[in-house]
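Given next are the chains, with one letter for each unit.
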Amino acid sequence: MYHALLTNRYLTSRVIPLIAVAAVALCVALVIIVVSVMTGFLNMVRDSGRTLMGDVVISYPVTGIPHYERLIDRIEELPEAEAATPVVDSWGLLKMPYPDGANKDTETVQIWGIDPESFAKVTGYADTLYWRPPTEQQLKTMADDDPRRQMDEQVLLDGLALRDSRSDRAGIVPGIHVSVGNDRQSDGSIRPARNGYWWMPQWEVTLTTLPIATGGGLLEPESRIFPVVNEFFSGVFLIDDKRAMVPLEIAQRMLHLDQGEIVDEEQLDDDGLPKVIGVDPAKATMVLVRAADGVEPDELREQLVGVYDAFRAELLQDNNAFVKPPPQGMGLSIKTWEQQQADFIEPIEKERELMRTLFSLVYLVCAGLVLAIFWAIVYEKTRDIGILRSIGASRFGISWIFLRYGLVIGIAGALVGVGLAYLVVRNINTIHSAMGDPPMWLAIIMLALALVAIALTVYHGRRGALMPITLGLLVSITLIGAGAVILILKDRGGVVIWDPSVYYFTTIPNEMDSGTAIFTMIGAVIFSLIGAFLPAAKAADTDPVRALHYE
Amino acid sequence: MHKTYRLGRVDVPVLKGATLHVKPGEWVAILGPSGSGKSTLLHLLGDLDQPDADGGEVRFDGRSLASMSRRARNLYRNRSIGFVFQFYHLLPELNVLENTLLPALVGLHRWNYYRRIGQLRKRATQLLESFGLGHRLKHRPRELSGGERQRVAIARALMNNPKVLLADEPTGNLDEATGAEILDLIVQQHRDGLTIVMVTHDPAIAERADRVVHLHDGRIAE
């Protein structure tokens, strides 16, 4: 039982073990923070897929899938599918209402023609609409000047229906960052520029599309004025910055994907016009499908492959259907959202594993630190080892003191590290905002503390001892440096590391990866113990007679 | 017993056939000049070191230490003997009471700790009080005088009621008056029946022992 007493006293009576604990804690925190942010990023990418596109996407770009309603009917009969919705996907130019004057800005946007009702069933569209009356819960934390406090229900309803109720016209819902007038605040909320003057739902925009002919050539551009009815905020910057939603039938019309007649110009009808020989049905470039609860996207995808083949076979035999759906593989793809984004997700997964491996080298740092510190402690405690041997302590008993010491440092370091990582990860957006706009008070505190440190250095150093002077100077310079960095950052407008245009999301993931946390903790403890083995063995081998004469 | 140390490439024989018998309850003083091997002899008796191969043996209660298991020898150092050193050798991080308790803690099994710790604390406190250190229980060694430290060291040596006290110049680092106090304490223990083997180079101290042996050139002479 003397081990516990001695370990406790060796730990609490000197600074070195605290440095070891701090070093292990920093190593652990480093690994957990890096891997948590990367895991969080991957999770956000995956989750956003479901929010934005449902679980499985059947797509045939440009010319689209004909008779998609029949496909959707078949899909919705599947027990694995919850809902399906058609989408027309293309690119267009959006003439914005700003700036004042005749020359308006034009943005390139990805146009999504959607059927709002079924689209909301497949994706999280309803939740992404930004302008809406706040809930009771939101009101508690919402800033006083947040314009959403003044919102009425109609703006949300108009967004959901993609229709302007005042003018009874089809409306458009662009992403929140399409308009440069929307400023994102540090709390994540949006303030339209000029005190709400550029609040988009009170303006109109002009959308211009370039329809493509069946043969591949460009047709005449189509333009249409839309009232903005709401804006959506999915959190994925690349989407919020580029996409705009319009009603499906209008998008189909503007892109010439709507229903038309097929004529034979060689034959004339009774009126002398080319004879109508069939109907060219409306088309959708994508059908998004949501899996039923508990159904994996891969499972649903397999079912959809069969459904599509059956749908195509049915139409191939239908003599009334002049336009047949394309076979799979010929530009038509049926993929889960993750498969569709594989080129994007897989490199991130690989990078995360690489980071995990590289940062795992910090375990060796843990082991090295503990080894170096314990080696020094064993030297310092050589005489104690001799004394303990003289009163009957066994060699194993002596080594156990140091192993136990390593264990305690590993566990303490791991726990402190996890705590530190948790605090950093949970508050990572606040920390990042502070770096973007460093608070002045922090600089003042740093510089004031530096003055105190200088005063203490002068006071304690007046006898000429080097230790207080060195320590005091070190602390003073660090504090002055930190204060100066804050002032420089302030002067230059701060640093933005997490640039949403690079990292896709407007906020940094702030969920701690508990699996990594547990593994890192166990790793730190094991490697601290490994670091303690060598000094412990050395302690056990110490010759008690020499140890007693050791000075 | 024979004991040779190797210093670099040179063998230095320290003990060259020293033989010593100590009877139970006897106080033997080993007198000799510096470097004569007195401390080495004491270390061999206390199992801190071993004689050369074929260099004799230490027998305790008729049993050779060399024939004992490691565990039995740890127990021998813990229970049967008590060491007192010239430089006290207290653990600086522990207070007076903890230093005294240490041999008991070393010998105490984990399962018996909570059952016996109260009783052991009581014994250590009584020992220290009888040595006039009742007011110093929570003090660290650096807060004590040399005499007080040596009294703590003796209390520690006696904590497990050993049969033999091995004392290596116990007054060598103390002034005359303090040294006399420490010696009185040892005399008292001897009167209570403790066997003592004491190494000294001071004939005046050696005179108080039952028997004085001289260690000269690695051999014992009565």
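Everything quoted here is computed from the prediction, not taken from an experiment.

A.B. asks: Please clarify how the overall build of chain A should be interpreted in this entry.
C.D. replies: Along chain A, the regular secondary structure elements total 21 helices and 17 strands. Split into buried and exposed, the 551 residues of chain A put 46% on the buried side. The contacts of chain A with a sequence gap of at least 6 include a subset with a gap of at least 24, amounting to 76%. For chain A, the computed accessible surface area is about 27100 Å², with 59% contributed by carbon and sulfur atoms.

A.B. asks: Can you walk me through helix H2 (residues 16–53) of chain A in this structure?
C.D. replies: Note that an α-helix has 3.6 residues per turn; residues three or four places apart therefore point the same way. The end-to-end C-alpha distance of H2(A), which contains 38 residues, comes to 55 Å, matching closely the 56 Å that a straight helix rising 1.5 Å per residue would cover. Phi turns positive, to about 75°, at Gly54(A), one or two residues after H2(A).

A.B. asks: When you look at the interface of chain B and chain A in this model, what are you seeing that I'm missing?
C.D. replies: Bring the parts together and some accessible area is lost; that lost area is often taken as the interface size. At the junction of the two partners, chain B supplies 26 residues and chain A supplies 26 residues. The interface formed by chain B and chain A holds 2 salt bridges in total. Linking Lys381(A) and Glu93(B) is a salt bridge whose minimum nitrogen-to-oxygen distance equals 2.8 Å. Summed over the shared surface of chain B and chain A, the number is 7 residue pairs in polar contact (both at pLDDT 80 or more). Where the side of chain B that touches chain A is concerned, the elements lending two or more residues are helix H2 (70–80), helix H3 (96–107) and helix H4 (110–130) of chain B. The greatest single-element share of the side of chain B that touches chain A, amounting to 5 residues, is contributed by H3(B). A breakdown of the residues in the side of chain B that touches chain A according to their chemical character gives 13 nonpolar, 5 polar and 8 charged.

A.B. asks: Got a minute to help me understand a nonpolar patch on the surface in this structure?
C.D. replies: Residue and element names in this part refer to chain A. Taken together, the side chains of Met-440, Ile-444, Leu-447, Leu-451, Ile-454, Val-458, Ile-480 and Leu-487 define a hydrophobic patch exposed on the protein surface, amounting to about 690 Å² of accessible area. Put simply, the parts of the chain that give the nonpolar patch at least two residues each are helix H17 (440–461) and helix H18 (466–491). In terms of residue count, H17 provides more of the nonpolar patch than any other element does, 6 residues in total. Of note, Ile-454 is situated in helix H17.

A.B. asks: What's the story with the sheet that holds strand S8 (residues 195–200) of chain B in this structure? I'm lost.
C.D. replies: By way of backbone hydrogen bonds, the strands of a sheet pair with one another, either parallel or antiparallel. Residue and element names in this part refer to chain B. Strands sit in the order S6-S7-S8-S3-S9-S10 across an open sheet of 6 strands; the sheet is mixed. Pairing within the sheet leaves two strands with one partner each, and these edge strands are strand S6 (81–84) and strand S10 (219–221). Strand-to-strand twist across the sheet, computed as the mean angle between neighbouring axes with direction ignored, equals 20°. In the packing of helix H5 (residues 146–158) onto the sheet, contacts are made with S6 and strand S7 (164–168), and the angle to S6 comes to roughly 170°. Each of strand S3 (27–31) and S8 is contacted by helix H6 (residues 176–191), which is oriented at about 150° to S8, the strand it contacts most.

A.B. asks: Can you walk me through the packing of H2(A) against helix H12 (residues 342–359) of chain A in this structure?
C.D. replies: Pairs of packed helices are described in terms of their axes, by the angle between the two and the distance that separates them. Residue and element names in this part refer to chain A. Running from N to C, H2 and H12 point in directions that differ by 170°, and their axes come no closer than 10 Å. Taken together, the axis directions place H2 and H12 in an arrangement best described as roughly antiparallel. Contacts between H2 and H12 involve Leu-30, Val-31, Val-34, Val-35, Met-38, Thr-39, Phe-41, Leu-42, Val-45 and Arg-46 on the former and, on the latter, Phe-344, Ile-345, Ile-348, Glu-349, Glu-351, Arg-352, Met-355, Arg-356 and Phe-359. Grouping the amino acids of the contact of H2 with H12 by side-chain chemistry returns 13 nonpolar, 1 polar and 5 charged.

A.B. asks: How should the packing of H2(A) against helix H13 (residues 361–380) of chain A be read in this particular structure?
C.D. replies: Residues and elements named next belong to chain A. Running from N to C, H2 and H13 point in directions that differ by 175°, and their axes come no closer than 9 Å. Classified by the angle their axes make, H2 and H13 are roughly antiparallel. Here Ile-16, Ala-20, Ala-23, Val-24, Cys-27, Leu-30 and Val-31 of H2 come into contact with H13, specifically with Val-362, Val-365, Cys-366, Leu-369, Ile-373 and Ile-377. Here the residues of the contact of H2 with H13 sort into 13 nonpolar, no polar and no charged.

A.B. asks: When you look at a negative patch on the surface in this model, what are you seeing that I'm missing?
C.D. replies: Residues and elements named next belong to chain A. Residues Glu-69, Asp-73, Glu-76 and Glu-77 make up a contiguous surface patch of negative charge. Within the secondary structure, Glu-69 sits in helix H3 (residues 68–77). When its relative accessible area of 41% is taken as the criterion, Glu-69 is described as partly exposed.

A.B. asks: Just to check I follow, could you spell out the packing of aromatic side chains for this structure?
C.D. replies: By convention here, two paired aromatic rings are described through the distance between centres and the angle between planes. Residues and elements named next belong to chain A. Evaluated as defined, the whole model comprises 13 aromatic pairs over all chains. With centroids separated by 6.3 Å and ring planes inclined at 40°, the aromatic side chains of Tyr-10 and Tyr-405 adopt a geometry described as tilted. Here Tyr-10, found in helix H1 (residues 2–12), pairs with Tyr-405, found in helix H15 (residues 395–426); they are 395 residues apart in sequence, far enough to count as distant. Note on accessibility: Tyr-10 and Tyr-405 belong to one class, buried. Measuring from ring centre to ring centre gives 5.8 Å for Tyr-98 and Trp-198, while their planes differ by 80°; the resulting arrangement is edge-to-face. Taken as a pair, Tyr-98 in the loop between strand S3 (81–95) and strand S4 (106–114) and Trp-198 in the loop between strand S9 (190–192) and strand S10 (204–209) lie far apart in primary sequence, 100 residues in all. Summarising the burial analysis for this pair, Tyr-98 and Trp-198 share the class buried. Among the aromatic residues, those joined into a ring-pair cluster are Tyr-98, Tyr-197, Trp-198 and Trp-203. Sitting over the face of the ring of Trp-375, Lys-538 holds its NZ or CZ atom 5.2 Å from the ring centroid. In this structure, Lys-538 packs its charged tip against the face of Tyr-379, placed 4.4 Å from the ring centre.

A.B. asks: Explain the environment of Pro221(A) to me, please; I cannot follow it from the model alone.
C.D. replies: Residues and elements named next belong to chain A. In this fold, Pro-221 is placed in the loop between S10 and strand S11 (222–227). A residue is classified by how much of its surface remains accessible, and Pro-221, at 46% relative accessible area, is partly exposed. Separated by 129 residues in sequence, Pro-221 and Gly-92 place their C-alpha atoms 9.6 Å apart. Residues in contact with Pro-221, not counting those within four places in the same chain, are Thr-208, Thr-209, Leu-210 and Pro-211.

A.B. asks: Can you help me understand the nonpolar core in this one?
C.D. replies: For soluble globular proteins, nonpolar side chains are generally found buried alongside one another. Residues and elements named next belong to chain A. Formed by 118 residues in total, the largest nonpolar core has its most connected members in Tyr-2, Leu-388, Phe-402 and Ile-409. Setting aside anything within four residues of it in sequence, one finds Phe-402 in contact with Phe-374, Ile-377, Val-378, Lys-381, Ile-385, Ala-532, Ala-536 and Ala-539. Residues Leu-94, Phe-226, Val-228 and Leu-332 belong to the second largest nonpolar core, which totals 51 residues.

Calculation rules
- Residues numbered from 1 in each chain as written.
- Chains lettered and ligands numbered in written order.
- Predicted model: local features only at pLDDT ≥ 70, side-chain atom pairs only at ≥ 80, totals over all residues.
- Heavy atoms only, no water.
- Helix = DSSP H or I, 4+ residues; strand = E, 2+ residues; numbered from the N terminus.
- Buried < 20%, exposed > 50% of the residue type's maximum accessible area, 1.4 Å probe, protein only.
- Contact = heavy atoms within 4.5 Å.
- Areas by Shrake-Rupley, 256 points an atom, 1.4 Å probe, with all protein chains shown as cover.
- Expected span 1.5 Å × (residues − 1).
- Salt bridge = Lys/Arg side-chain N within 4 Å of Asp/Glu carboxyl O.
- Polar contact = N/O pair within 3.5 Å; in protein donor to acceptor, adjacent residues only side chain to side chain.
- Nonpolar A, V, L, I, M, F, W, Y, C, P; charged D, E, K, R; others polar.
- Patch = residues over 30% accessible without salt bridge, like charges linked within 9 Å, V, L, I, M, F, W, Y side chains within 5 Å.
- Pairing = 2+ DSSP bridges.
- Axes fitted to C-alpha atoms, helices over the stretch in contact; angles between N-to-C directions.
- Parallel < 35°, antiparallel > 145°, perpendicular 65-115°, else oblique.
- Lys, Arg positive; Asp, Glu negative; His and termini not counted.
- Charge placed at Lys NZ, Arg CZ, Asp CG, Glu CD.
- Phe/Tyr/Trp six-rings, centres within 6.5 Å; stacked < 30°, edge-to-face > 60°.
- Lys NZ or Arg CZ within 6 Å of the ring centre and 35° of its normal.
- Core = buried A, V, L, I, M, F, W, Y, C linked by side-chain atoms within 4.5 Å.

Nothing here speaks to function; it is geometry throughout.
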